[in-house]
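Observations on the model geometry
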Amino acid sequence: MTLSPTTQSTLDDAAGLFRKAKRVVVLTGAGISTPSGIPDFRSEGSGLWSRDEPLETASLNTFRTAPEKFFNWFRPLANQIFQAQPNPAHTALAEFEQAGYQNTIITQNIDGLHQKAGSKQVVEMHGTLRTLSCTQCYKQFPSEEFLKPFIENGTMPYCINCNGLLKPDVILFGEQLPQAAWQAAQRATRQCDLMLVAGSSLEVLPVAGLPIQALDHGAHLIIINNTTTYVNVRADIVITENVATIIPEIMKRAIHG
């Protein structure tokens, strides 16, 4: 992809902010994983919520009262996540951390692609598909051994300890955010001197309020997203391009100069 001189200059400015920063927070949304083949939720026509009503399919109430309905909706998404691999944006962020920069990733995604790419400091705000927990005895299991037969045959996951239904450790509508993750996200946000928002439309509270917290504590703000966000007007740099193209370019300049 050929980048315009203006974009090249903007990338250099962004890389400069990364090089100067002591503590970086990267806030990622569904848009960072769409290049890996995982659909986002709000894109017109292709987003999950353009086809499904979230409160009818992805709610805690539906899981409790009609688990088959939830799992029927969840099955194709689980397959896409199960098959997905990190894209260049995930890899570039992991390389930035490995280069010695203090970097916390706060993600709204449940796909585990940041960890697959090698990132260590990851705060998962909406849970993870990497584990499931029993709704009766609360024992937790790695998801792979249960998800494979579920994806292939539609076999609903049951606990091998007590035969209770297993729930993916993802946050459904009607569930509170995990408090430990929320506290870690707020702590990292208050301490950072640079926040990058990547692939998030910043429409879901309370996570959408984190950039304002960062700004209020004096941090710089960079936004890379295909659509505008409510906080664009306060950002130092806004780039409306594909994250899988732009983030590697910024990280390359930041690490190597």
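Each remark here, short or long, concerns the structure printed above.
Definitions and cut-offs
- Residues numbered from 1 in each chain as written.
- Predicted model: local features only at pLDDT ≥ 70, side-chain atom pairs only at ≥ 80, totals over all residues.
- Heavy atoms only, no water.
- Helix = DSSP H or I, 4+ residues; strand = E, 2+ residues; numbered from the N terminus.
- Rg over C-alpha atoms; globule rule 2.2 N^0.38 Å.
- Buried < 20%, exposed > 50% of the residue type's maximum accessible area, 1.4 Å probe, protein only.
- Contact = heavy atoms within 4.5 Å.
- Areas by Shrake-Rupley, 256 points an atom, 1.4 Å probe, with all protein chains shown as cover.
- Lys, Arg positive; Asp, Glu negative; His and termini not counted.
- Charge placed at Lys NZ, Arg CZ, Asp CG, Glu CD.
- Pairing = 2+ DSSP bridges.
- Arc of directions from axis to C-beta.
- 1 Å grid on protein atoms, 1.4 Å probe; cavity = no way out; pocket = protein on both sides within 12 Å on 5 of 7 lines; lining within 4 Å.
- Points joined across faces, edges and corners; volume = space filled by probe spheres on them.
- Nonpolar A, V, L, I, M, F, W, Y, C, P; charged D, E, K, R; others polar.
- Expected span 1.5 Å × (residues − 1).
- Polar contact = N/O pair within 3.5 Å; in protein donor to acceptor, adjacent residues only side chain to side chain.
- Axes fitted to C-alpha atoms, helices over the stretch in contact; angles between N-to-C directions.

Across its full length, the chain holds 11 helices and nine strands. Against the 2.2 N^0.38 benchmark of 18 Å for 257 residues, the chain shows a C-alpha radius of gyration of 19 Å, consistent with a compact globule. Within the chain, buried positions represent 54% of all 257 residues. Nonlocal contacts in the chain, meaning residues at least 24 apart in sequence, comprise 67% of its contacts between residues at least 6 apart. Surface accessibility of the chain: about 12200 Å² in total, with carbon and sulfur atoms responsible for 47%. In the chain, 20 positive and 23 negative side-chain charges are present, and the distance between their average locations comes to 6 Å.

Counting buried residues in strand β2 (residues 103-107) gives five out of five residues, a clear majority hidden from the surface. Of the two faces of β2, the one lined by Asn103, Ile105 and Thr107 and the one lined by Thr104 and Ile106 are each fully buried. As paired elements, strand β1 (residues 24-28) and β2 share five bridges and run parallel to each other. Among the inter-strand pairings, Val26 is bridged to a residue of β2, identified as Ile105.

Residues of helix α8 (residues 144-153) that are buried: Phe146, Leu147, Phe150 and Ile151. Down the axis, α8 shows its buried residues gathered within 120° of arc, on one side only. Turned more than 90 degrees away from the buried face of α8, the exposed residues are Glu144, Glu145, Glu152 and Asn153. In this structure, the buried side of α8 is in contact with α5 (67-83), β4 (127-134), β5 (140-142) and β6 (166-170). Phi turns positive, to about 75°, at Gly154, one or two residues after α8.

With that settled, consider the layout of surface pockets. Within this model, the second largest pocket holds a volume of roughly 250 Å³. Lining the second largest pocket are 14 residues; nearest its centre among them are Phe82, Asp111, Lys116, Arg130 and Ser143. Those elements giving two or more residues to the lining of the second largest pocket turn out to be α5, α7 (113-117), β4 and α8. No other element matches the three residues that α5 contributes to the lining of the second largest pocket. In the lining of the second largest pocket, the residues fall into seven nonpolar, three polar and four charged.

Here helix α11 (residues 243-256) contains 14 residues, and its C-alpha end-to-end distance of 19 Å stays within 8% of the 20 Å for a straight helix at 1.5 Å per residue. Every buried residue of α11 is accounted for by Val243, Ala244, Ile246, Ile247, Ile250, Met251, Arg253 and Ala254. For α11, the N-terminal capping position is held by Asn242, with its side-chain oxygen 2.8 Å away from the main-chain nitrogen of Ala244. Where α11 terminates, the next one or two residues include Gly257, which has phi positive at roughly 80°.

Moving on, we come to the sheet that holds strand β8 (residues 220-224). Pairing is parallel in the open sheet, where six strands are placed in the order β3-β2-β1-β7-β8-β9. This sheet does not close on itself; its edge strands, each paired only once, are β3 (122-124) and β9 (237-239). The average undirected angle you get between the axes of adjacent strands in this sheet is 15°. Pairing analysis gives three bridges linking β8 to β9, with the strands arranged parallel.

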